[in-house]
Amino acid sequence: MSTALTRRAVLAGAVALPWLAACSPGTEPPAGVDLQEGNFSSRFWPGQKVRWRLARPALRGSVTSPQPLVVALHGYGGDANWPFDSAHIERHIAPTGLAVATIDGGDFYWHARRSGVDPGAMIVQELLPLLAGKALATNRVALIGWSMGGYGALLLASRLGPSRVAGVAAASAALWQSPGDSAPGAFDDAKDFARNDVFARRHVLTRMPVRLDCGRGDPFIVANRAFARGLPSAAATFDDGAHTQQYWTAHAGAQMSWLRTCFT
């Protein structure tokens, strides 16, 4: 199946990512990388057993300081496996020295919903405390996300603020400039859109490092360009490519290297 999606399908958020079928969850980690995973019952997603994964530089001897942590948010149709099995972010852990944590977020666009599900709060109030006891620096983290997760990373960064967020990288972020343009199901209604409008929260994002990557053939390029115009401090890369796994995999190394600089 082709990894290129139509403009209508992407903007509508109506299809799961087709390359999920090609995932290889049993793949061995690269040299110098340790993997952990688990699950928990979340009060922010009632009735759901939520899975998390962690890939980190292998620990050698006694730990003298906590490892810097990146929280990675998957796109629509994805799960905790997706950043590793499709974007292959694990390839960039040993070179950068950054640990990466992922979590199942469903298709809720990483914000509180009328149903009672709130994946953003799940990250802050459950995932980060869970990881705090694993020699990871959870008081100040970086964020990365793709498509729906790119939007979610920007939103969560704007909620946490510069004291908690070292930097945020959004790849092909699913952005809309008005509630009428948004994907069905991305927001409960127009008021929900307004509460979670990242365009209206750029004043917070100006106080932290932000990177935007989007292909010129991506249906979200117009909104990403508009977002960047109101955030002139952002490192924006608008280059050849579309809303595809190939684009995200090709840019993951540069994004992780950029996030590494945010911790220095």
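Thresholds applied
- Residues numbered from 1 in each chain as written.
- Predicted model: local features only at pLDDT ≥ 70, side-chain atom pairs only at ≥ 80, totals over all residues.
- Heavy atoms only, no water.
- Helix = DSSP H or I, 4+ residues; strand = E, 2+ residues; numbered from the N terminus.
- Buried < 20%, exposed > 50% of the residue type's maximum accessible area, 1.4 Å probe, protein only.
- Contact = heavy atoms within 4.5 Å.
- pLDDT = per-residue confidence, 0-100.
- Core = buried A, V, L, I, M, F, W, Y, C linked by side-chain atoms within 4.5 Å.
- Pairing = 2+ DSSP bridges.
- Axes fitted to C-alpha atoms, helices over the stretch in contact; angles between N-to-C directions.

Now for the overall build of the protein chain. On a plain count of helices and strands, the protein chain comes out with nine helices and eight strands. Residue burial in the protein chain is summarised as follows: out of 264 residues, 58% are buried. Relative to all contacts within the protein chain whose residues are 6 or more apart in sequence, the contacts with residues 24 or more apart total 74%.

With that settled, the discussion passes to the confidence of the model for the protein chain. Per-chain confidence: the protein chain averages 91 in pLDDT, with 89% of residues scoring 70 or above. Per-residue pLDDT stays below 50 along residues 1-8; that stretch engages in 13 contacts with residues further than four places along the chain or on separate chains. Predicted confidence is poor over residues 12-25, with pLDDT under 50, and the contacts of this stretch with residues over four places away or in other chains come to 34 contacts.

With 60 residues, the main nonpolar core has L69 and L154 as its most contacted residues. It is helix α5 (residues 148-160) that contributes the most residues to this core, eight residues altogether. Judged by nonpolar contacts, the second largest core, of 23 residues, contains L98, W146, W248 and M256.

What follows deals with the sheet that holds strand β2 (residues 49-57). Strand order in the open sheet formed by eight strands is β1-β2-β4-β3-β5-β6-β7-β8, and the pairing between neighbours is mixed. The open sheet has two edge strands with one neighbour each: β1 (33-41) and β8 (235-239). The mean angle between the axes of side-by-side strands here comes to 20°, regardless of whether they run parallel or antiparallel. Across the sheet, helix α4 (residues 119-132) is in contact with β1, β2, β3 (67-73), β4 (99-103) and β5 (136-146); its angle to β5 comes to roughly 130°. Against the sheet, helix α8 (residues 221-229) touches β7 (210-215) and β8, its axis set at about 155° to β7.

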